[in-house]
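Next come the chains, spelled out residue by residue.
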Amino acid sequence: MTDNERAARTLKHVLQKPGNGSCADCGADNPEWGSCSLGVFICLGCSGIHRSIPNLGKVKSLLLSRWEDSEVQFMSERGNDAMNAVYEAALPVYFYKPTHRDCQVLKEQWIRAKYERQEFMENGKKLIYEDETRDGMLMKRGRDNGQFLSRRFVLSLRDGTLKYFTKLDAKEPKAVIKVDTINACFQPDKIGNPNGLQITYLRDNMTRNIFIYHDSSREIVEWFNCIRAAQLHYLKVAFPGATDAELKPKLTRSFLKEGYMEKTGPRQTEGFKRRWFTLDHRRLMYFKDPLDAFAKGEVFLGHRDHGYRVTIGLPVGTHYNGSWQYGITIQTPDRSFVFTCETDNEQKDWMSHFNAVISTPMSPQEYTVEAYFKHKH
């Protein structure tokens, strides 16, 4: 047996240890790379980020690289669980730890914060995300003209608000957004910028979108985690008996699904029109354009025990004049909503998400939202 074969066999054995079967940074299954300087096993995507940061040391392929005996020994003495216990020892509840499904900017800034800046190794360390106020300029998309212009944003931990101003010296903000109504998620493809962040909030129980970015990846990810820190601060005051594990899911979340479908009106005799749909847990919103500030309409998805149903196909007698063939009908206690998808796969994917939502028990807050929707309609 050659030295290389022996090293490969030992590495394979080390990979079997608990924690080493998924990427130390994003959780992707079956990592095929190792950091010889940190002693962690990582996926191809994260290995590229490690390689792009000069002072993180070197990474090697577990399958293709030649490993020295000392490097193999180093990896076997460390490993993902042991090193994450060091580098994530004081990771705050609010800080978003990306998964392999997240965008590049989130993963890169996580790896930089974790290893390069070593932000989470010491308990009691005051982090920038917990500052009383964050005040800075961000590029914001204009609601009517679609242009991105520099706007001043101020996040206040004490007030639990995010404000933005159209002019640097403006006395009054253009909007005051309560942090408990905010959702923030990265949307690089939709916004057309790698650092694009969508902020969604409720005003008068209706959803409003704003789209922002900053040229600095670090800056925009800091804003994102500052918003999450402010939300957690608010929730701890509002729900003093709740645990961190209970509060964490109430912070920002990715949308369950987005994409185009065609829809018709309430009488189901109107023409089918293509709309952009966003499913944010129980709210299904539709927009004329993906970057619209306001939804043209919203559908609340309650629990199946309360008269909510999702079926494949269109109701009998539907006047259909659209170009997409794959129908979905959502039945609520008040009316039916009829949509069509472009492909069989899209239809199945939307159906899967809708059924998962209506099978999930409702929270007390969601009953309040449902009552609002019923009253409105």
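Criteria and cut-off values
- Along each chain, the written sequence defines residue order, and numbers are assigned to residues from 1.
- Selection of residues for local features in this predicted model requires a pLDDT of at least 70, selection of side-chain atom pairs for listing and counting requires 80 or more, and totals for whole chains, interfaces and linings are taken over all residues.
- Calculation of side-chain values draws on the structure's entire complement of heavy atoms; hydrogens and water are dropped beforehand.
- Here an axis means a line fitted to C-alpha atoms, over the contact stretch when the element is a helix, while the angle between two N-to-C directions is reported on a 0 to 180 degree scale.
- The helix count covers DSSP runs of H or I at least four residues long, the strand count covers runs of E at least two residues long, and both are numbered beginning at the N terminus.
- These descriptions rest on fixed angle ranges, namely under 35 degrees for roughly parallel, over 145 for roughly antiparallel, 65 to 115 for roughly perpendicular, and the rest for oblique.
- By the convention used here, residues are in contact when the closest approach between their heavy atoms is within 4.5 Å.
- The classification used treats Ala, Val, Leu, Ile, Met, Phe, Trp, Tyr, Cys and Pro as nonpolar, Asp, Glu, Lys and Arg as charged, and all other residues, Gly among them, as polar.
- UniProt positions are given in the numbering used here, feature names are shortened, and annotations may be inferred rather than shown by experiment.
- The split of the chain into domains comes from an automatic or database domain assignment.
- Throughout, exposure labels follow a simple rule: accessible area from a 1.4 Å probe, protein chains only, divided by the maximum for the residue type, with under 20% read as buried, over 50% as exposed, and the rest as partly exposed.
- In this description, strands pair whenever DSSP reports at least two bridges between them.
- Here, nonpolar core refers to any group of buried Ala, Val, Leu, Ile, Met, Phe, Trp, Tyr and Cys residues whose side-chain atoms link them within 4.5 Å.
- Two rings from Phe, Tyr or Trp (for Trp, the six-membered ring) form a pair when their centres sit within 6.5 Å of each other. Planes less than 30 degrees apart are called stacked, planes more than 60 degrees apart edge-to-face, and all others tilted.
- Placement of a charge over a ring requires the Lys NZ or Arg CZ to be within 6 Å of the ring centre, with the centre-to-atom vector within 35 degrees of the ring normal.
- The disulfide definition used here is simple: a pair of cysteine sulfur atoms within 2.5 Å.

## Side note on the packing of helix α5 (residues 104-116) against helix α7 (residues 217-238)
Where α5 meets α7, the axes come as close as 10 Å, and the angle between the chain directions of the two elements is 90°. Between α5 and α7, the crossing angle belongs to the class labelled roughly perpendicular. Residue-level inspection shows Val105, Leu106 and Gln109 of α5 in contact with α7, the latter providing Ser217, Arg218, Val221 and Phe224. In terms of residue class, the contact of α5 with α7 is made up of 4 nonpolar, 2 polar and 1 charged.

## Some remarks on the UniProt feature "domain: PH" (unreviewed entry) in the protein chain
The UniProt record annotates "domain: PH" (unreviewed entry) at residues 131-232 and 254-359. From the first C-alpha to the last, residues 131-232 spans 13 Å; its make-up is 20% helix and 45% strand.

## Here we look at the domain arrangement of the protein chain
How big an interface is tends to be stated in terms of accessible area lost as the parts join. Split by domain assignment, the protein chain resolves into domain 1 (3-116), domain 2 (129-250) and domain 3 (257-375). If you average the C-alpha positions of domain 1 and of domain 3, the two centres end up 42 Å apart.

## A closer look at the side chain of Thr340
Assignment of secondary structure puts Thr340 in strand β17 (residues 336-341). With residues up to four places along the chain from it excluded, the contact list for Thr340 reads Met261, Glu262, Phe272, Leu314, Tyr320, Trp324, Tyr326 and Gly327.

## Digging into the pairing of strand β6 (residues 161-165)
Along β6, 4 of the 5 residues are buried, which leaves the element largely enclosed by surrounding structure. Looking at chain direction, strand β5 (residues 148-156) and β6 are connected through 5 bridges and run antiparallel. For Arg152, the partnering residue across the bridge sits in β6 and is Phe165. The loop that links β5 with its antiparallel partner β6 comprises 4 residues; one of these, Gly160, has a positive phi angle of about 65°.

## A closer look at the nonpolar core
Formed by 58 residues in total, the largest nonpolar core has its most connected members in Leu162, Phe186 and Ile199. For this core, the element with the most residues is α7, which contributes 10 residues. The residues that make up this core include at least three from each of domain 1 (3-116) and domain 2 (129-250). When near neighbours in sequence (up to four residues on either side) are disregarded, Ile199 contacts Leu162, Ile182, Asn183, Ala184, Arg208, Asn209, Ile210, Ile212 and Ile227.

## Concerning the sheet that holds strand β3 (residues 59-61)
Strand pairing in a sheet relies on backbone hydrogen bonds. The paired strands run either parallel or antiparallel. Ordered in space as β2-β1-β3, the 3 strands form an open sheet in which the pairing is antiparallel. With one partner strand each, in any of the chains shown, β2 (40-42) and β3 form the two edges of the open sheet. When strand polarity is set aside, the average angle formed by the axes of neighbouring strands in this sheet is 30°. Relative to β2, strand β1 (residues 33-35) runs antiparallel, the two being bridged by 3 bridges. Counted as the bridge partner of Ser35 is Val40 from β2. Relative to the sheet, helix α2 (residues 44-52) contacts β1, β2 and β3, its axis offset from that of β2 by approximately 115°.

## Observations concerning the packing of aromatic side chains
In the structure shown here, the tally under the stated rule is 17 aromatic pairs. A ring pair is formed by Phe95 and Tyr129, whose centres lie 5.2 Å apart and whose planes are at 70°; its orientation type is edge-to-face. Taken together, the positions of Phe95 in the loop between α4 (80-87) and α5 and Tyr129 in the loop between α5 and β4 (133-141) put the pair 34 residues apart, joining distant regions of the chain. With respect to burial, Phe95 and Tyr129 carry one shared label: buried. Both rings, one in Phe153 and one in Trp223, keep their centres 6.5 Å apart while their planes meet at 75°; by these two values the pair is edge-to-face. Taken together, the positions of Phe153 in strand β5 and Trp223 in helix α7 put the pair 70 residues apart, joining distant regions of the chain. Three or more aromatic residues joined by ring pairs form one cluster here, namely Tyr94, Phe95, Trp110, Phe120 and Tyr129. One residue, Lys60, lies across the ring of Trp67, its end atom 5.7 Å from the ring centre. When the ring centre of Phe239 is taken as reference, the NZ or CZ atom of Lys250 above it lies at 5.9 Å.

## Some points on the sheet that holds strand β15 (residues 309-312)
The 7 strands lie next to each other as β14-β13-β12-β11-β17-β16-β15, forming an open sheet whose pairing is antiparallel. Either end of the sheet is taken by a strand with one partner, and the two such strands are β14 (297-300) and β15. Shown here is a sheet whose adjacent strand axes are inclined to one another by a mean of 35°, direction ignored. Pairing of strand β11 (residues 257-263) with β17 involves 2 bridges; the strand directions are antiparallel.

## So, the state of the cysteines
Enumeration according to the criterion identifies 0 disulfides in this entry. With no disulfide of its own, Cys23 has Cys46 as its nearest cysteine by sulfur position, at a separation of 3.8 Å. As a non-bridged cysteine, Cys226 has Cys103 as the owner of its nearest cysteine sulfur, 17 Å distant.

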